[in-house]
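Each chain is listed here by its residues.
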Amino acid sequence: MNKFFIGLSLMMGLVVLSSNYLVQFPINYYGLNEILTYGAFSYPVAFLITDLANRSYGKIIARKIVYFGFFIGIIFTLFFSTNFEDLISVRIAVGSGVAFLTAQLLDIQIFDRLRKKQWFVAPLTSSLIGSTIDTFLFFSISFYGTGVPWVTLSLGDLGVKILVALIMLIPFRMLLKIFKPIKV
């Protein structure tokens, strides 16, 4: 379990770092710059990691992976993508932390309660609810009152996160062969 714990924690940290960096860049094609950032594509992988850990090791280990990944991601975010002279950059770091921990810990609880249902119910439900909470917490903390169209950006990002959450069911199902479910 140690190598999986370390690997999942490092992957979680990388997802947090890349998502915090990519959310700063709107997609400037087809008029999507008001409704979508690149961070929407990377962040749902965090729910895949959390759900695989929860399915295989249980909610206590999943929480540890979230905390460890959060620590790694935030440290790297602060060093590599936070400009402390730019208030929005600082707000992105704070918003990311609050939204990430809230959404991931909620995801773990929901997943744990639904784990005995069909294989897709727990990861899909927990990811959809977690993504919704994360999106609105993150965008409101990071961009409220800044002139950034955070409501439309959050709705666009949420739409992509929902789509990606559906797509993440494919690798989740495939990875269940490697990450064996625990007996509850």
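Residues numbered from 1 in each chain as written. Predicted model: local features only at pLDDT ≥ 70, side-chain atom pairs only at ≥ 80, totals over all residues. Heavy atoms only, no water.

Visitor: Tell me about the confidence of the model for the protein chain, and please be specific about residues and values.
Guide: Parts of the prediction with low pLDDT should not have their coordinates interpreted in detail. Looking at the protein chain as a whole, its pLDDT mean stands at 87, while 95% of the residues score no less than 70. Averaged pLDDT values over the elements of the protein chain bottom out at 83 in helix H1 (residues 2-22) and peak at 94 in helix H6 (residues 121-143). (pLDDT = per-residue confidence, 0-100. Helix = DSSP H or I, 4+ residues; strand = E, 2+ residues; numbered from the N terminus.)

Visitor: Any chance you could break down a nonpolar patch on the surface for me, citing the residues and the numbers?
Guide: On the surface, Tyr 21, Phe 25, Tyr 29, Tyr 30, Tyr 38 and Phe 41 cluster together into a nonpolar patch covering about 740 Å² of accessible area. Judged by its relative accessible area of 32%, Tyr 38 falls in the partly exposed class. (Patch = residues over 30% accessible without salt bridge, like charges linked within 9 Å, V, L, I, M, F, W, Y side chains within 5 Å. Areas by Shrake-Rupley, 256 points an atom, 1.4 Å probe, with all protein chains shown as cover. Salt bridge = Lys/Arg side-chain N within 4 Å of Asp/Glu carboxyl O. Buried < 20%, exposed > 50% of the residue type's maximum accessible area, 1.4 Å probe, protein only.)

Visitor: Now, about the packing of helix H3 (residues 44-57) against helix H5 (residues 87-114): what can you tell me, with residues and values included?
Guide: Interaxial distance between H3 and H5 falls to 10 Å at its minimum, and their mutual angle equals 40 degrees. In this view, H3 runs oblique relative to H5, as classed from their interaxial angle. Between H3 and H5 lies a crossing of right-handed hand. Each of Ala 46, Phe 47, Thr 50, Asp 51, Asn 54 and Arg 55 in H3 lies in contact with H5, whose residues at this interface are Phe 100, Ala 103, Gln 104, Asp 107, Ile 108, Phe 111 and Asp 112. (Axes fitted to C-alpha atoms, helices over the stretch in contact; angles between N-to-C directions. Parallel < 35°, antiparallel > 145°, perpendicular 65-115°, else oblique. Left-handed = near helix turned anticlockwise from the far one by under 90°. Contact = heavy atoms within 4.5 Å.)

Visitor: Could you give an account of empty space enclosed by the protein, with specific residues and numbers?
Guide: The rolling of a water-molecule-sized probe over the atoms marks out the regions of remaining empty space. This structure, assessed with the given rule, holds 2 cavities of 30 Å³ or more. Of the voids in this model, the largest cavity is the one considered here, and its volume is about 140 Å³. Contributions of two or more residues to the lining of the largest cavity are made by H1, helix H2 (39-42), H5, H6 and helix H7 (150-167). Within the lining of the largest cavity, the residues separate by chemical class into 8 nonpolar, 4 polar and 3 charged. Considering only enclosed or pocket space, the second largest cavity measures out at about 70 Å³ in volume. (1 Å grid on protein atoms, 1.4 Å probe; cavity = no way out; pocket = protein on both sides within 12 Å on 5 of 7 lines; lining within 4 Å. Points joined across faces, edges and corners; volume = space filled by probe spheres on them. Nonpolar A, V, L, I, M, F, W, Y, C, P; charged D, E, K, R; others polar.)

Visitor: Before we move on, can you summarise the pattern of salt bridges with the specific residues and values?
Guide: Per the counting criterion, the structure on display carries 3 salt bridges. Each of the salt bridges in this network shares a partner with another, and the network as a whole consists of Lys 59, Asp 112 and Arg 115.

Visitor: Kindly report on the nonpolar core, identifying the contributing residues and their values.
Guide: Leu 8, Ile 65 and Phe 100 are the most contacted members of the largest nonpolar core, which totals 36 residues. Looking at this core, the elements that each hand over two or more residues are H1, H3, helix H4 (59-80), H5, H6 and H7. It is H3 that provides the largest number of residues to this core, a total of 7 residues. Setting aside chain neighbours within four positions, we find Leu 8 in contact with Ile 49, Ala 53, Tyr 57, Ile 65 and Phe 179. Listed in part, the 8 residues of the second largest apolar core include Ile 92, Phe 139, Phe 143 and Trp 150. (Core = buried A, V, L, I, M, F, W, Y, C linked by side-chain atoms within 4.5 Å.)

Visitor: An account of the packing of aromatic side chains is needed here, citing residue identities and associated values.
Guide: What the rule picks out here adds up to 12 aromatic pairs. Seen in terms of ring centroids, Phe 111 and Phe 172 are 6.4 Å apart; in terms of plane orientation they differ by 70 degrees. Their pairing is edge-to-face. You can see Phe 111 sitting in helix H5 and its partner Phe 172 sitting in helix H8 (residues 169-175), a full 61 residues away along the chain. With relative accessibility at 1%, the residue Phe 172 sits in the buried group. Ring geometry for Phe 138 against Phe 143: centres 6.0 Å apart, planes inclined by 85 degrees, an arrangement best described as edge-to-face. (Phe/Tyr/Trp six-rings, centres within 6.5 Å; stacked < 30°, edge-to-face > 60°.)

Visitor: Report on the environment of Leu 17, specifying residues and quantitative values.
Guide: Counting through the fold element by element, Leu 17 comes out in helix H1. Leu 17 gets classed as buried once you look at its relative accessible area, which sits at 18%. Separated by 53 residues in sequence, Leu 17 and Phe 70 have C-alpha atoms that sit 9.1 Å apart. Sequence-distant contacts of Leu 17, defined by excluding residues within four places in its chain, comprise Gly 73, Phe 76 and Thr 77.

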